[in-house]
Amino acid sequence: MVSNRIPQFSGLSLKISSDFLHFRLSSLKISPFFTLFSLLFFVSLASELRSEPQTSFHSGIYQSEQILLILGKPGETQGELHFYGVEEGEWKLLYPVIPVSFGRSGLISQEQKREGDGFTPYGSFPIRRILGKENLSIRSLEYTQIQKNDHWSDVPTSKHYNQLIRKKEKGATPLWNSPNYQLFIVIEHNTNPSIPGQGSMIFIHPWEETKPTSGCVGVKLVDLQAILQHLDGSKNPFILIIPTDENN
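Rules behind the numbers
- Residues numbered from 1 in each chain as written.
- Predicted model: local features only at pLDDT ≥ 70, side-chain atom pairs only at ≥ 80, totals over all residues.
- Heavy atoms only, no water.
- Helix = DSSP H or I, 4+ residues; strand = E, 2+ residues; numbered from the N terminus.
- Contact = heavy atoms within 4.5 Å.
- pLDDT = per-residue confidence, 0-100.
- 1 Å grid on protein atoms, 1.4 Å probe; cavity = no way out; pocket = protein on both sides within 12 Å on 5 of 7 lines; lining within 4 Å.
- Points joined across faces, edges and corners; volume = space filled by probe spheres on them.
- Nonpolar A, V, L, I, M, F, W, Y, C, P; charged D, E, K, R; others polar.

**Description of the environment of Pro121**
By secondary structure assignment, the location of Pro121 is in strand E6 (residues 119–126). For the pair Pro121 and Gly106, spaced 15 residues apart in sequence, the C-alpha separation works out to 8.7 Å. Apart from the residues within four sequence positions on either side, Pro121 is in contact with Ile108, Gln110, Lys113, His189, Ile202, Gly215 and Ile241.

**Some remarks on the confidence of the model for the chain**
With 76% of its residues at a pLDDT of 70 or more, the chain has an overall mean of 82. pLDDT under 50 marks residues 1–35. Its contacts with residues more than four places away, or in other chains, come to 80 contacts. Contacts from residues 41–54, a stretch scored under 50 in pLDDT, to residues over four places away or in other chains number 17 contacts.

**Things to note about the layout of surface pockets**
By volume, the largest pocket is sized at about 330 Å³. Class assignment of the residues belonging to the lining of the largest pocket gives a composition of 4 nonpolar, 9 polar and 3 charged. There is about 280 Å³ of room inside the second largest pocket. Every residue lining the second largest pocket is counted, 19 residues in all, and those nearest its centre are Tyr181, Met201, Ser214, Gly215 and Cys216.

Okay, here's the thing in structure tokens:
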């Protein structure tokens, strides 16, 4: 049974972005031991106090025992990934904090994300699918080995928009020859259902460059490989992307 002890994300000093919450918390100063549960509480509170549309957390995150917590300042294209999980009944950092790259335009809410805008969508996303060129097995998670004719559609007019296609299709992006797609986690943005024009091909993928991505979350290949060794589908893993302000 998981301990009810609050997971402590040590070393973080955050102020929740009012754009993320749609609720002004400008006077709130969060301690260095700000926790995931605290974050969820404030987001839930904001949702209750405001009636207009807002980004909300996927309900399944409350049962998650593994979280890829990705933090970045609004308007910036660099951030950090903190990988937390429950071990022996307590939340622990499972891997050292690593730098990540965002899209060239920074972060934006899922609802505002549009095809080709260069933004990385923020919010909560269940981890369900990993794809890669090698023959791998990820604990209790769907893994698809990429083949030479595999493509992913980023064409809004296609009936396969934001889907893996196991054959060539006009305008679709080939996966086989790109180092960015040799191994990746699907960020389940606009995948079920897939709404034309609201963003496609949002992944956590290898990124060895210093420039921003086109909208994905880029990490070094060696870090992605190490994270996948710890990832366990039976722990209901989630990606949580949060825009934050640091108060260090």
